[in-house]
Amino acid sequence: MPRPATGPATRHDLPHDPPQGLPHAPSDAPSVPSVPPVPLAPTPAQTVGPFYGYALPFPGGEQIAPAGHPGTVTVHGCVRDGAGAPVPDALLEFWQAGPDGSLTGAPGSLRRDPATGAVIGRNGVDFTGFGRVPTDADGHYVVRTLPVTAPAGCPDAAPYLAVCLFARGLLHHLFTRVYFPEHTAAHAADPLLARLPAERAKTLLARPDGPGRYRFDVHLQQAEDGAYEETVFLAFR
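Cut-offs used in this document
Residues numbered from 1 in each chain as written. Predicted model: local features only at pLDDT ≥ 70, side-chain atom pairs only at ≥ 80, totals over all residues. Heavy atoms only, no water. Helix = DSSP H or I, 4+ residues; strand = E, 2+ residues; numbered from the N terminus. Buried < 20%, exposed > 50% of the residue type's maximum accessible area, 1.4 Å probe, protein only. Contact = heavy atoms within 4.5 Å. Salt bridge = Lys/Arg side-chain N within 4 Å of Asp/Glu carboxyl O.

Undergrad: What should I look at first to understand the overall build of the protein chain in this one?
TA: A tally of helices and strands in the protein chain yields 2 helices and 9 strands. Element order for the protein chain, N to C, with α for helix and β for strand: β-β-β-β-β-β-α-α-β-β-β. Taking all 237 residues of the protein chain together, the buried fraction comes to 34%. For the protein chain, restricting intrachain contacts to residue pairs at least 6 apart in sequence, the fraction spanning at least 24 positions comes to 67%.

Set out below in structure tokens:
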């Protein structure tokens, strides 16, 4: 009478392996001819985010001048890429010295509602010297501010508006400046403008566009047909 198993099976208790070189079971499936692999095209390079227009803009970001101020000026323009196409999701920040030349500004640009936590922007009274505005679907932006002044302690500097630009495809944000045509005499002594060739310096000059209005376009690259120069961008070290 066979002895019952009292432990795990050993190799001698299992079926023998099939001989090498023989299939485990016959197969009636037809043979499929081998097909050489088809090379795949590389995935196109692209930049995904960051999406500056999602959280950074705040209500009234384009209203740098206090509400109702009689001396308000408007600066507007378009951000364009190297092909001349508008950039619809760029973000521009503006800084400027106060009427007295100070750079301290005033708190309040990003005030929040104490109950809801929502950003409610400026109080409409103080001049903060700071603005942030996205471009629209046509790549256009607009800010309303006070006439620019030169920073205090910089006797040779011409009045200017400082700009910082964020846009898709840029690994780093870009810095530039906006100078205004009524300060032509001061431009000759300005440390930055005096070092630039005339054609390059023009890219930093806003042009009149009606009473109290100026046009300043930002070109991320020079046009292939030479229709316009790339805007001068600055590096801070």
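Back to the write-up after that little detour.
Undergrad: What should I look at first to understand the pattern of salt bridges in this one?
TA: Once their charged atoms are close, side chains differing in charge can pair, the charge on each being opposite to the other. For the coordinates displayed, the defined rule picks out 6 salt bridges. The salt bridge involving E93 is made with R132; its shortest N-O contact spans 2.8 Å. Placement of E93 in strand β2 (residues 91-95) and of R132 in strand β3 (residues 130-134) is noted, with a sequence separation of 39 residues between them. You'll find E93 and R132 in the same group, each marked buried. A salt bridge links D217 to R215; its shortest N-O distance comes to 2.8 Å.

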